[in-house]
Amino acid sequence: MTLRSAFAGLLLAAPATLMACTAQAEPVAFDHARLIDGTGDPVRENVTVVINDGRIVSIGDPAPSGAEHVDLSGKTLLPALISDHSHVGIIKGTSGSNENYTRANILAALKQYSDYGVLTVTALGLNRSPLFDDLRREQHAGKNPGADLFGVDQGIGAPNGAPPSAMVKGLGPDQVYRPTTPQEARQDVDRMVAEHTDLVKLWVDDFRNGVPNGKTLPKMSPDIYRAVIDEAHQHNTRVAVHIHDLDIAKAVVDAGANILAHGVRDQPVDQALIDAVKAHGVWYIATLGLDEANYLFAEHPELLNVPFVAAAIDPALMAQLSDADWRKQTLSKPLVAASHTALAINQKNLLTLYRAGVKVGFGTDSGAAPTRLPGFAEHRELALTVEAGLTPLEAIHLATGNAAELLELEDRGVLKTGKRADLLIVRGAPDQSIADIDQVDQVWQRGILVSHGPVVRHQGL
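The rules we used
Residues numbered from 1 in each chain as written. Predicted model: local features only at pLDDT ≥ 70, side-chain atom pairs only at ≥ 80, totals over all residues. Heavy atoms only, no water. Helix = DSSP H or I, 4+ residues; strand = E, 2+ residues; numbered from the N terminus. Rg over C-alpha atoms; globule rule 2.2 N^0.38 Å. Contact = heavy atoms within 4.5 Å. Areas by Shrake-Rupley, 256 points an atom, 1.4 Å probe, with all protein chains shown as cover. Lys, Arg positive; Asp, Glu negative; His and termini not counted. Charge placed at Lys NZ, Arg CZ, Asp CG, Glu CD. Expected span 1.5 Å × (residues − 1). Phe/Tyr/Trp six-rings, centres within 6.5 Å; stacked < 30°, edge-to-face > 60°. Buried < 20%, exposed > 50% of the residue type's maximum accessible area, 1.4 Å probe, protein only. Lys NZ or Arg CZ within 6 Å of the ring centre and 35° of its normal. Pairing = 2+ DSSP bridges. Axes fitted to C-alpha atoms, helices over the stretch in contact; angles between N-to-C directions. Salt bridge = Lys/Arg side-chain N within 4 Å of Asp/Glu carboxyl O. Bend = angle between axes of the 7 residues up to and from the residue. Parallel < 35°, antiparallel > 145°, perpendicular 65-115°, else oblique. Nonpolar A, V, L, I, M, F, W, Y, C, P; charged D, E, K, R; others polar.

Draft legend 1. Highlighting the overall build of the protein. Scanning the protein from N- to C-terminus turns up 16 helices and 18 strands. Compactness check: the protein gives a C-alpha radius of gyration of 21 Å against a globular reference of 23 Å for 461 residues, within 12% of the reference. Over its C-alpha atoms, taken along the principal directions, the protein stretches across nearly 65 × 50 × 40 Å. Pairs at least 24 residues apart make up 70% of the contacts formed inside the protein by residues separated by at least 6 positions. With the model as given, the accessible surface of the protein reaches about 17200 Å², and the carbon-plus-sulfur share is 52%. One way to put it: in the protein the 40 positive side-chain charges average out to a point 2 Å from where the 55 negative ones average out.

As structure tokens, this is what we get:
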């Protein structure tokens, strides 16, 4: 039995126990690949890529003798996808609850991400220590199947404000801090830093979500978010901020925020914001699919019959999404019209900022609500990014090289000698049609074949 078939057999026979950290015994050569390297450079045709011991050892050179060969004729090899904004342990089935924050639930989500070729995930807040810290270390070491895990520990919101407790039943101070004074805010930052948080997260938003005359929540005051940002920077820790509106985006950038964790969705961005984010090197994550997820399955129930989509849907959620009454009630909500408007504005702003040379990362807010499906959401984000006006290759660059750069990860995101062999192989040419990114054929993590895609996993083939 060949090395590749041995790994494939192990994968399909015992997917729950396949470990991503096991190094292959000999080099693997991917022959005749169409290569998207994650740098934004044009596609290279008929390339040989050799990996060994979890790393890329050569690109474009002849394979060494004794290498195991994998023929990729008609397929495209690209870096595994990276999410700069997701969540874990919040959702199970149809609802969010603090009871969902369990090892088993989080690991199941990380495995689902990896089946879709998303091998690095940033859980941007609402996490619970020490479980999150333990799992982060374990995923870095490759001790469990599933995506590598980075992120924010608890995060900081406003008292009685965002993030709203109605979104996550039982959401408490062990998952989000709500300081009332700058001193408390600084102490909260210090606690997160002591837990080795990768970033600090702030929610600065009234959560009206663009609904005319909609209910608003108390918004974090400038003295609080300025104290958080200052304290985090004293610890050399960057700050990501949840925003919705242009005026808040400008205010938090002026206060020193490093990452806008959502797109501006209330009005077109102006030159003042463009100049500010470029001057300060601020990263921008659009999360286009966040608003679309509010209505996508209600408006398009036919998606539930698409295997690539269905593979990401929990049975309880599938039952809800399949219910005609649920769809009718969902579409009657004012939030749907507001979400359509927000998505359109978000897409226009993404294109404007990207063309202006702003640093743009990649994220979806997947895992923060039942319809933001881990793995599928990232593929949908790519489609929405192309719909916004970026080319397929530009969109893929955001989700690979740029996403890694935002996280300051130099070992992944691009296909170069010495980088991690975190690879996504798809049938077709996603640089020509972004829909081909959904044709997942193989996912290799640290040089090991870990999945043949979500459809194979879901159907148990």
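Past the structure itself, the notes keep going.
Draft legend 2. Up close: helix α13 (residues 334-355). Counted at 1.5 Å a residue, the expected span for α13 with its 22 residues is 32 Å, and the 32 Å between its end C-alpha atoms agrees. One or two residues past the end of α13 sits Gly357, with phi positive at roughly 90 degrees.

Draft legend 3. Local environment of the packing of aromatic side chains. As enumerated under the stated definition, the model contains three aromatic pairs in all. Judged by centre distance (4.9 Å) and plane angle (70 degrees), the ring pair of Tyr116 and Phe308 falls under edge-to-face. Taken together, the residues span a long stretch of sequence, with Tyr116 in the loop between α2 (103-115) and β9 (118-124) and Phe308 in helix α10 (residues 307-310) at a distance of 192 residues. Phe308 carries the same exposure label as Tyr116, and that label is buried. Each ring, one from Phe297 and one from Phe376, has its centre 6.4 Å from the other, and the planes form 45 degrees; the classification is tilted. Taken together, the positions of Phe297 in helix α9 (residues 296-299) and Phe376 in helix α14 (residues 376-388) put the pair 79 residues apart, joining distant regions of the chain. For the pair Phe297 and Phe376, one class covers both residues: buried. Positioned above the aromatic ring of Tyr177 is the side chain of Arg191, whose terminal nitrogen or guanidinium carbon lies 5.0 Å from the ring centre.

Draft legend 4. Quick look at unusual backbone geometry. The amide bond that connects Ser129 to the next residue, Pro130, takes the cis arrangement and shows omega of 10 degrees. Looking along the chain, the bond that leaves Ala162 and enters Pro163 is cis, with omega of -5 degrees. Relative to the elements of secondary structure, Pro163 occurs in the loop between β10 (148-152) and α4 (182-194). At His196, a position not held by glycine, the phi torsion is positive, near 70 degrees. Turning to its location among the elements, His196 is positioned in the loop between α4 and β11 (200-203).

Draft legend 5. Broad picture of the sheet that holds β9. In space, the three strands of this open sheet follow the order β6-β9-β10, with parallel pairing throughout. Each edge of the sheet is formed by a strand with only one pairing partner; in this case those strands are β6 (81-86) and β10. Recorded for the sheet is a direction-independent mean angle of 15 degrees between the axes of neighbouring strands. Two elements, β6 and β9, share four bridges in a ladder whose sense is parallel. Bridge pairing links Ser86 to Ala123 in β9. With respect to the sheet, α2 is in contact with β6, β9 and β10, its orientation differing from that of β9 by roughly 135 degrees.

Draft legend 6. Just the pattern of salt bridges, in detail. Using the criterion set out here, one finds 25 salt bridges in the structure. Between Asp441 and Lys75 there is a salt bridge, with its nearest N and O atoms 3.1 Å apart. Of the two residues, Asp441 sits in strand β17 (residues 440-445) while Lys75 sits in strand β5 (residues 75-79), which places them 366 residues apart along the sequence. This pair shows no difference in class: Asp441 is buried, exactly as Lys75 is. Of the charged contacts in the structure, one is a salt bridge between Arg136 and Asp133, with a shortest N-O distance of 2.7 Å. Placement of both Arg136 and Asp133 in helix α3 (residues 131-140) is noted, with a separation of three residues, approximately one turn of the helix. As far as the burial class goes, Arg136 and Asp133 line up, both buried.

Draft legend 7. Seen up close, helix α15 (residues 392-406). For α15, with 15 residues, the first-to-last C-alpha span of 20 Å sits near the 21 Å given by 1.5 Å per residue. In the structure, α15 departs most strongly from a straight axis at Leu398, where the bend amounts to approximately 40 degrees. Counting buried residues in α15 gives 14 out of 15 residues, a clear majority hidden from the surface. Looking one or two residues past α15, Glu408 carries a phi angle of roughly 60 degrees, positive in sign.

Draft legend 8. Structural detail: the environment of Ser165. Of note, Ser165 is situated in the loop between β10 and α4. For the pair Ser165 and Val176, spaced eleven residues apart in sequence, the C-alpha separation works out to 9.9 Å. Leave out the neighbours within four places in its chain, and Ser165 touches Leu171 and Arg178.

Draft legend 9. Looking closely at the packing of α13 against α14. Relative orientation of the contacting elements α13 and α14 amounts to 70 degrees, with a least axis distance of 9 Å. As judged from the angle between their axes, α13 and α14 are roughly perpendicular. Of the residues in α14, those touching α13 at Leu343, Gln347, Leu350 and Leu351 are Leu384, Thr385, Glu387 and Ala388. Its residues assigned to classes, the contact of α13 with α14 comprises five nonpolar, two polar and one charged.

Draft legend 10. Expanded view of the sheet that holds strand β13 (residues 259-260). Sheet architecture is open: five strands sit in the order β11-β12-β13-β14-β15, paired in parallel fashion. Of all the strands in the sheet, the pair left with one neighbour each is β11 and β15 (359-360).

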